[in-house]
Amino acid sequence: MFSPLSRHTPVPHEIWLIVLSYLQNHTFLVRCSRVSKSWCAIGRHVTLWRRMNLENATFQAPLLQRIQDMFGATPPIVSLNLYRCRICVGDMLALLQHCGQWLASLALGHEGEASYDFSVELLNECFELCPNLQHLALLQSVFKSASTTHIWD
């Protein structure tokens, strides 16, 4: 009796890299890397981490620890999107301290209530931690209140 599962061929790593590159959020990539040793090896591939998108994610310290475990002292992140990411200032600075030396593009911002506000001090710390930064996007949505305006015009 023919069983499609008994005669399957493994999907090449190159195909998995393409599939995993479409994940909208890197927290899913970390979860996928826990499935098996093979997926862990694929999940560590440099191309998947060059552009890290944490938009709408809740950042937790274990994610940073997992990134440190995967890449050691210098993860290959060159673009980091933290727009609408629920992250405290301490965790954001720890993340930038860990990957900032390679970072060329950074997006920060939030909607409504946030755990951090843009300040000169915060931006100066970002620039100090990211010496090769070429692009900084400061995004803030317009609030529903008519008295509040977009602050980055």
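Residues numbered from 1 in each chain as written. Predicted model: local features only at pLDDT ≥ 70, side-chain atom pairs only at ≥ 80, totals over all residues. Heavy atoms only, no water.

A.B. asks: Run through the overall build of the chain, naming residues and quoting values.
C.D. replies: Per the secondary structure count, the chain includes seven helices and four strands. Reading the secondary structure of the chain in the N-to-C direction produces α-α-α-α-β-α-β-α-β-α-β. Across the 153 residues that make up the chain, the buried fraction comes to 38%. In the chain, once contacts between residues fewer than 6 apart in sequence are set aside, the share between residues at least 24 apart is 73%. (Helix = DSSP H or I, 4+ residues; strand = E, 2+ residues; numbered from the N terminus. Buried < 20%, exposed > 50% of the residue type's maximum accessible area, 1.4 Å probe, protein only. Contact = heavy atoms within 4.5 Å.)

A.B. asks: Kindly report on the pattern of salt bridges, identifying the contributing residues and their values.
C.D. replies: Applying the stated criterion across every chain, the model contains one salt bridge. Of the charged contacts in the structure, one is a salt bridge between Glu55 and Arg84, with a shortest N-O distance of 3.4 Å. Taken together, the positions of Glu55 in the loop between strand 1 (51-53) and helix 5 (61-71) and Arg84 in the loop between strand 2 (79-81) and helix 6 (89-99) put the pair 29 residues apart, joining distant regions of the chain. Accessibility expressed as a relative area gives 28% for Arg84, which makes it partly exposed. (Salt bridge = Lys/Arg side-chain N within 4 Å of Asp/Glu carboxyl O.)

A.B. asks: Go over the confidence of the model for the chain with me, naming the residues and quoting the values.
C.D. replies: When pLDDT is averaged across the chain, the result is 75; 76% of the residues are at 70 or more. Ignoring residues within four places in sequence, the model shows residues 1-6, a span with pLDDT below 50, making one contact including any to other chains. (pLDDT = per-residue confidence, 0-100.)

A.B. asks: Lay out helix 5 in plain terms, naming residues and giving numbers.
C.D. replies: The set of residues buried in helix 5 consists of Leu63, Leu64, Arg66, Ile67, Met70 and Phe71. One side of helix 5 holds all its buried residues, which, seen down the axis, span an arc of 160 degrees. On its buried face, helix 5 is in contact with helix 2 (26-32), helix 3 (37-43), helix 4 (46-49), strand 1 and helix 6. (Arc of directions from axis to C-beta.)

A.B. asks: Describe the environment of Arg84, naming the residues involved and giving the relevant values.
C.D. replies: The spacing of Arg84 and Thr58 is 26 residues in sequence and 9.0 Å in space, taken between C-alpha atoms. At 3.4 Å, the side chain of Arg84 forms a polar contact with the side chain of Glu55. (Polar contact = N/O pair within 3.5 Å; in protein donor to acceptor, adjacent residues only side chain to side chain.)

A.B. asks: An account of the nonpolar core is needed here, citing residue identities and associated values.
C.D. replies: Within the largest apolar cluster, 35 residues are counted, with the highest numbers of intra-cluster contacts made by Trp49, Leu54, Leu80, Leu82 and Leu106. Looking at this core, the elements with two or more residues in it are helix 1 (13-20), helix 2, helix 4, helix 5, helix 6, strand 3 (105-110) and helix 7 (120-129). Residues in contact with Leu80, not counting those within four places in the same chain, are Met52, Leu95, Leu96, Cys99, Leu103, Ser105, Leu106 and Ala107. (Core = buried A, V, L, I, M, F, W, Y, C linked by side-chain atoms within 4.5 Å.)

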